[in-house]
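A structural walkthrough
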Amino acid sequence: MMSPTRFLTIAGFAATLLAGTAYAEPVDLTVWHMEQPPHRVQRMKELLDEFNAAHPDIQVKQEPQSWGEVYAKAPAAFAAGNGPDLLFTIPDFTTVLKGIDVVVPVDDLVKDLDSKHGFVEATLAPYKYDDHVWAVPAYNMAISLWYRNSVLKAAGVEVPKTWSEWQAAAEKLSTDGKSGIGLPANKQLYTDQTVYSFMVNSGAGDLYNDDGSIAFDKPETVKAYDFYSKLAKFSPPDNSTWTWGEAEACFANSSCGMILQFGVINTYETQAEGDAADLGVAPVPHADEQSASATISYSNAIMLTTKDEAKQKAAKVFLTWLLEPANYGRFLTMEPGLFLPVTNDGAKAESFWSDKTVTKYKSQVETMIANSQNGKLFGFTTGKVFPSIGAISAQNVIAETLQRVVVDGQSAADAVKAGQARMSEIAAK
Amino acid sequence: MRRTFGQSLSLYGGVLVIVLAIGLPFWWVLTGSIKLPKEIIQRVPTMVPHSFTLQHFEKLLQASDFPIYLLNSMVVALFSTAFTVLLALPAAYAFFRMEFPGRNALYKTILLAYAFPGVVVLIPLYGLFAKVGLTDSPVALVIVNVAFALPFSIWMMRSFLATVPREIEEAAVVDGAPTTTILIRILMPLIAPGIASVAIFAFISSWTEFLFASVLIVSDARRTIPVGFAGIIGQYQIDWGLLLAGATAAIIPVVALFALVGRWFVSGLTDGAVK
């Protein structure tokens, strides 16, 4: 027979175990994202509240950050041991954090999600290197050519498909003090993006050779810069200070006939009060000898950045939930007309297409999605990723090269040669 | 002496140019914040609003965390100001009046600290604050703001102290007043404009501080205006009305402070300068 002391000990132990199970602390996850505008934070909150209510054992909270500071802030936070568990990213930011060993590969999760939802390959490719997948694609953004149908019609211009048609259109639209096209020439990321949109359309998409040496200086790149500088002459004179907002405003107030932008729908709808049927969007025109258009696309993704196994497991549950079509559309429409689906079933999701703005601009969004499938990103085109791309991107070398042509008056060939030297110098460090 | 017509014309013309150069951007921001979006983004800006709306302020106050940022900024700026003044006054007095070994070297070293770019110490400071559990805390911001405002504040305060005739202090010493009494009862009232100047300097430095606030603060609920506001604006798409309403609301406390103690500030700067 069991002694009373032994019985009490076992009973106490069992009670502790039971109590521990019944009142187990939920796994807390912290997500850092860079979607700070209030309506995006609000939509994230709604989604997280819903997820947390449905998963009492997991509690996810958001801490919105800014792209401007996160490159310095995240490494410092991880070094201090208080980094997030999930972190939104773009391809070059992933290389920065992978370099300090905080990114956990997500091969199995991505494989599962891919079989379930079907990732658009262009959104996955920038995160597949060094034998692993380093982030789960979340939404895509791709540059397109935006115009007003009525303006093109009044000028007797067809939507340009090739560079020669594009130049002719810009010339014709440059009347009455208006600019035929609004292209930036600032030493800033937006200019990197628009210039690269030209480069991929002249066959100069690859920045690196297979061995990691820089492959910037080639005739296709020179051609892209040369054409960009010709087209930039039809842009407003203050374009050397532009970021995305100025270009968008130029288009919204009809000062610019065309612009290259990720999306203008929200501004067009809320600030320009434009007619949805009048808003036109098309692929970025390609060089005359090329056969199809390509563009720059930013596959935004989510990295797993916790070494804690329970948190990793919980994070995977959350990411799986987020990409379910019923939830995913609402995630994308936190910024309708800008964030594009990265999964095939996401592109068909009722939760995406039922959004008021997406419904109103359905044809434009369909074109944006189609364009995004042909997206590339500088430094992430060959299947091999070299760490120097982070510095090349951060120092805006592509835009700096453009300024040599547009501001300093150098020839495109000389500027590209200098750009090659600059990139090689960065890569050598 | 009477001014000639040409001199008057040059004088008033110059004043007008300066007023326009300083005032027009403010005017554009203020009036823009009450225009309809379509008017704000017009190709040719309208200097006098053709429309009127409070929708941007409504959005700012109801749909964003701007009121929280405003409150956080207030708390951080007021505490930073108070500590800066409280530390700068005795420190400046010590450098000005007291004799101790290495006084001049220390004074120069403090000024050197003012010349240090903040970004150099950003990451080490983050690590330091993380170790003592002060990241994501307004206390960290107050410490940083005080540390960066203090050198120049000491230098300013020392200049104001130099304007006080030594005889006044000597009279107090003869009457048996200790150092703290001399500082608090005699010197403080005499250099009140200087204290106001230092306070305004410290307040504005803290109010506009972005770098450390952007890195040391993690959660949205603890952000100050410059950082929170930068996030509200957005990157790829800018809500210009919201931006202008936020800029207007952000300058109101500074304008109010200047309205209260602005006259002291100007006389304080002048007093310090003519010594």
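What you see is a predicted model; the values in this text were computed from it and never measured.

Some details on the overall build of chain A
Within chain A one finds 20 helices and eleven strands. A compact globule built from 429 residues should have a C-alpha radius of gyration of about 22 Å, and chain A, at 24 Å, falls within 12% of that. In terms of overall dimensions, chain A has a C-alpha envelope of 100 × 50 × 35 Å along the principal axes. Sequence separation of 24 or more characterises 76% of the internal contacts of chain A that already satisfy a separation of 6 or more. Element-wise, carbon and sulfur atoms account for 53% of the exposed surface of chain A, whose accessible area totals about 16,900 Å². Both charge centroids of chain A, one from 35 positive and one from 51 negative side chains, sit 0 Å from each other.

Some details on the state of the cysteines
Residues and elements named next belong to chain A. Within the structure shown, the criterion is met by one disulfide over all chains. Each sulfur of the disulfide joining Cys250 and Cys256 lies 1.9 Å from the other. Taking the sign of the S-S torsion, 80° for the link of Cys250 and Cys256, the bridge is right-handed. Side by side, Cys250 and Cys256 carry an identical accessibility label, which is buried.

Some thoughts on the pairing of strand β7 (residues 144–148) of chain A
All names here are of chain A. Buried residues dominate β7, accounting for five of its five residues. Judged by which residues are buried, β7 turns out to be covered on both faces: Ser144, Trp146 and Arg148 on one side and Leu145 and Tyr147 on the other are all buried. Sheet analysis places β7 next to strand β8 (residues 258–261), joined by four bridges and oriented antiparallel. From the neighbouring strand, Tyr147 faces β8, where its bridge partner is Met258. Across four bridges, the pairing between β7 and strand β9 (residues 279–282) is antiparallel. Paired with Leu145 across the strands is Ala282, a residue of β9.

Brief notes about the interface of chain A and chain B
Chain A puts 41 residues into the contact, and the matching count from chain B is 28 residues. Taken over both partners, the interface formed by chain A and chain B buries close to 3,000 Å², and the fraction arising from carbon and sulfur atoms is 56%. The largest per-residue losses of area from chain A upon contact with chain B belong to Pro38, Lys73 and Gln271 of chain A, which jointly make up 21% of the total buried on that side. In this structure, the connection of chain A to chain B is made through zero salt bridges. The tally of links between chain A and chain B comes to eleven residue pairs in polar contact (both at pLDDT 80 or more). Among the secondary structure elements, those contributing two or more residues to the side of chain A that touches chain B are α2 (38–54), β2 (58–64), α3 (67–79), α11 (244–252) and α12 (265–270) of chain A. Classifying every residue of the side of chain A that touches chain B by side-chain character gives 17 nonpolar, 14 polar and ten charged.

Regarding the packing of aromatic side chains
All names here are of chain A. Scanning the model with the defined rule gives 32 aromatic pairs over all chains in all. Ring centres 4.6 Å apart and planes at 55° place the aromatic pair Phe198 and Tyr228 in the tilted group. Of the two residues, Phe198 is situated in helix α9 (residues 189–199) and Tyr228 in helix α10 (residues 219–232); the sequence distance between them amounts to 30 residues. Each member of the pair, Phe198 as well as Tyr228, carries the same accessibility label: buried. Taking 6.3 Å as the distance between ring centres and 80° as the angle between the ring planes, the aromatic pair formed by Tyr268 and Tyr361 counts as edge-to-face.

What to know about the packing of helix α6 (residues 118–131) of chain B against helix α7 (residues 138–161) of chain B
The axes of two packed helices give the description: the angle between them and the distance between them. All names here are of chain B. Contact geometry for α6 and α7: axes closest at 12 Å, N-to-C directions at 145°. With respect to the hand of their crossing, α6 and α7 are arranged in right-handed fashion. Contacts between α6 and α7 involve Gly118, Val121, Leu125 and Phe129 on the former and, on the latter, Ala140, Ile143, Val144 and Phe148. Along the lines of polarity and charge, the residues of the contact of α6 with α7 split into seven nonpolar, one polar and no charged.

Points about the pattern of salt bridges
Tallied over the full model, the rule gives 23 salt bridges over all chains. In this structure, the salt-bridge partner of Glu121 of chain A is Lys128 of chain A, at a minimum N-O distance of 3.5 Å. In this structure Glu121 of chain A comes out as partly exposed when scored by relative accessible area, which is 45%. With a closest N to O distance of 2.7 Å, Asp220 of chain B and Arg223 of chain B form a salt bridge. Each member of the pair Asp220 of chain B and Arg223 of chain B is classed as buried.

A few points about the UniProt feature "transmembrane region" (unreviewed entry) in chain B
Residue and element names in this part refer to chain B. The UniProt entry lists residues 9–30, 68–93, 105–127, 139–161, 182–204 and 240–266 under the feature "transmembrane region" (unreviewed entry), expressed in the numbering used here. In residues 105–127, helix accounts for 87% and strand for 0%; the two terminal C-alpha atoms are 29 Å from one another. Taken end to end, residues 139–161 is 100% helix and 0% strand, and its two terminal C-alpha atoms sit 30 Å from one another.

Section: the nonpolar core
Trp166, Phe198, Met199, Phe318 and Phe331 of chain A are the most contacted members of the largest nonpolar core, which totals 181 residues. With twelve residues, the top contributor of residues to this core is α7 of chain B. Other than its neighbours up to four places away in sequence, Phe198 of chain A contacts Trp163, Trp166, Leu183, Ala224, Phe227, Tyr228, Leu231 and Leu260 of chain A.

Observations concerning unusual backbone geometry
Residues and elements named next belong to chain A. The residue Asp130 is not glycine, and still its phi comes out positive at about 50°. Inspection of the secondary structure assignment puts Asp130 in the loop between β4 (128–129) and β5 (132–133). Judged by its relative accessible area of 44%, Asp130 is partly exposed. One non-glycine residue, Ser254, lies in positive phi territory at about 65°. Tracing the sequence through the fold places Ser254 in the loop between α11 and β8.

What counts, and where the lines are drawn
Residues numbered from 1 in each chain as written. Chains lettered and ligands numbered in written order. Predicted model: local features only at pLDDT ≥ 70, side-chain atom pairs only at ≥ 80, totals over all residues. Heavy atoms only, no water. Helix = DSSP H or I, 4+ residues; strand = E, 2+ residues; numbered from the N terminus. Rg over C-alpha atoms; globule rule 2.2 N^0.38 Å. Contact = heavy atoms within 4.5 Å. Areas by Shrake-Rupley, 256 points an atom, 1.4 Å probe, with all protein chains shown as cover. Lys, Arg positive; Asp, Glu negative; His and termini not counted. Charge placed at Lys NZ, Arg CZ, Asp CG, Glu CD. Disulfide = S-S within 2.5 Å. Buried < 20%, exposed > 50% of the residue type's maximum accessible area, 1.4 Å probe, protein only. Pairing = 2+ DSSP bridges. Buried area = accessible area lost by both parts, 1.4 Å probe. Salt bridge = Lys/Arg side-chain N within 4 Å of Asp/Glu carboxyl O. Polar contact = N/O pair within 3.5 Å; in protein donor to acceptor, adjacent residues only side chain to side chain. Nonpolar A, V, L, I, M, F, W, Y, C, P; charged D, E, K, R; others polar. Phe/Tyr/Trp six-rings, centres within 6.5 Å; stacked < 30°, edge-to-face > 60°. Axes fitted to C-alpha atoms, helices over the stretch in contact; angles between N-to-C directions. Left-handed = near helix turned anticlockwise from the far one by under 90°. UniProt positions renumbered as here; feature names shortened; annotations may be inferred. Core = buried A, V, L, I, M, F, W, Y, C linked by side-chain atoms within 4.5 Å.

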